[in-house]
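The residues making up each chain are set out below.
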Amino acid sequence: MTDISSPGVLPASPSFTWMRARLSRVIAFGLGSGLVRPAPGTWGTLLAWVLWLPIVRVLEAPVHQGIFLLAAFALGVWACDRAGRDLGVPDHGGMVWDEMVAFWIVLWLIPGSTVAQAFGFLLFRLFDILKPPPIAHFDRRLKNGLGVMWDDLIAAFYTLLVFALYLRIAG
């Protein structure tokens, strides 16, 4: 693993030292969770789940939570774009802020029980990994910060759609 000391040298695999050199990298790599192997997207989603409780305790009003999510999305577009350019890889697997924000949106809109959240976690990871249409299309075509964030929003949408169908049928 190579640490970069000059802007022209890219790491074979990003390190903690490389990540912490810029705020955009810390954000894009999910506060370091994107450096964990294997399955960095799953680790980033788990961190998002852990962080959700303190977020909603601080931001009690749903409107404040929604504003936070919009800000987190916008921050992710910037951070993932910048980190992708730094790496020379527009959508590096270690950039997990997209998973985190998308899963926060899922957690914001589904029932708050542990069982519902665990089901949401599994569904979200399934859609994010399998990338059913049009997720795979956007994942291949949009190669910038917005593209990194967008395909995970669609995975979140699919997760929420399954929840809505379940609640409609069961309810």
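Structure: see above.
What counts and what doesn't
Residues numbered from 1 in each chain as written. Predicted model: local features only at pLDDT ≥ 70, side-chain atom pairs only at ≥ 80, totals over all residues. Heavy atoms only, no water. Helix = DSSP H or I, 4+ residues; strand = E, 2+ residues; numbered from the N terminus. Rg over C-alpha atoms; globule rule 2.2 N^0.38 Å. Buried < 20%, exposed > 50% of the residue type's maximum accessible area, 1.4 Å probe, protein only. Contact = heavy atoms within 4.5 Å. Areas by Shrake-Rupley, 256 points an atom, 1.4 Å probe, with all protein chains shown as cover. Salt bridge = Lys/Arg side-chain N within 4 Å of Asp/Glu carboxyl O. Polar contact = N/O pair within 3.5 Å; in protein donor to acceptor, adjacent residues only side chain to side chain. Axes fitted to C-alpha atoms, helices over the stretch in contact; angles between N-to-C directions. Parallel < 35°, antiparallel > 145°, perpendicular 65-115°, else oblique. Left-handed = near helix turned anticlockwise from the far one by under 90°.

> Can you tell me about the overall build of the protein, naming the residues and giving the values?
Secondary structure summary: the protein contains 8 helices and 0 strands in total. Reading the protein from its N end, one meets helices and strands in the order α-α-α-α-α-α-α-α. Against the compact-globule benchmark of 16 Å for 171 residues, the protein has a radius of gyration of 16 Å, which places it among compact chains. Oriented by its inertia axes, the alpha-carbon framework of the protein measures out at about 60 × 35 × 25 Å. Across the 171 residues of the protein, 44% fall into the buried class. For the protein, restricting intrachain contacts to residue pairs at least 6 apart in sequence, the fraction spanning at least 24 positions comes to 65%. When the accessible area of the protein is evaluated, it comes to approximately 8900 Å², of which 69% is carbon and sulfur surface.

> How would you explain the pattern of salt bridges if you had to name every residue and give the values?
Taken as a whole and judged by the stated rule, the model has 6 salt bridges. R85 serves as the salt-bridge partner of D81, at 3.2 Å between the closest nitrogen and oxygen. Taken together, the residues D81 and R85, both in helix α4 (residues 62-87) and 4 residues apart, mark about one turn of the helix. According to the relative accessible area criterion, D81 is partly exposed, its value standing at 26%. The exposure class assigned to R85 is exposed, which follows from its relative accessible area of 57%.

> Describe in detail the environment of W104, supporting the description with residues and values.
Within the fold, W104 resides in helix α5 (residues 97-109). Assessed through its relative accessible area of 2%, W104 is described here as buried. Distance from W104 to L31, taken between C-alpha atoms, is 15 Å for residues 73 residues apart in sequence. If we ignore the near neighbours within four places in the chain, the residues touching W104 are A48, L51, W52, I55, F68, L69, A72 and W97. Engagement of the side chain of W104 in a polar contact is seen with the backbone oxygen of A48, the distance being 2.8 Å.

> Lay out the packing of helix α6 (residues 114-130) against helix α8 (residues 145-170) with the relevant residues and their values.
Their axes nearest at 9 Å, the elements α6 and α8 cross at an angle of 135°. Judged by the angle between their axes, α6 and α8 are oblique. Two packed elements cross with a definite hand, and for α6 against α8 that hand is right-handed. Residues A116, F119, G120, L123, F124, F127 and D128 of α6 touch α8, and the partners they reach there are D151, D152, A155, A156, Y158, T159, V162 and F163.

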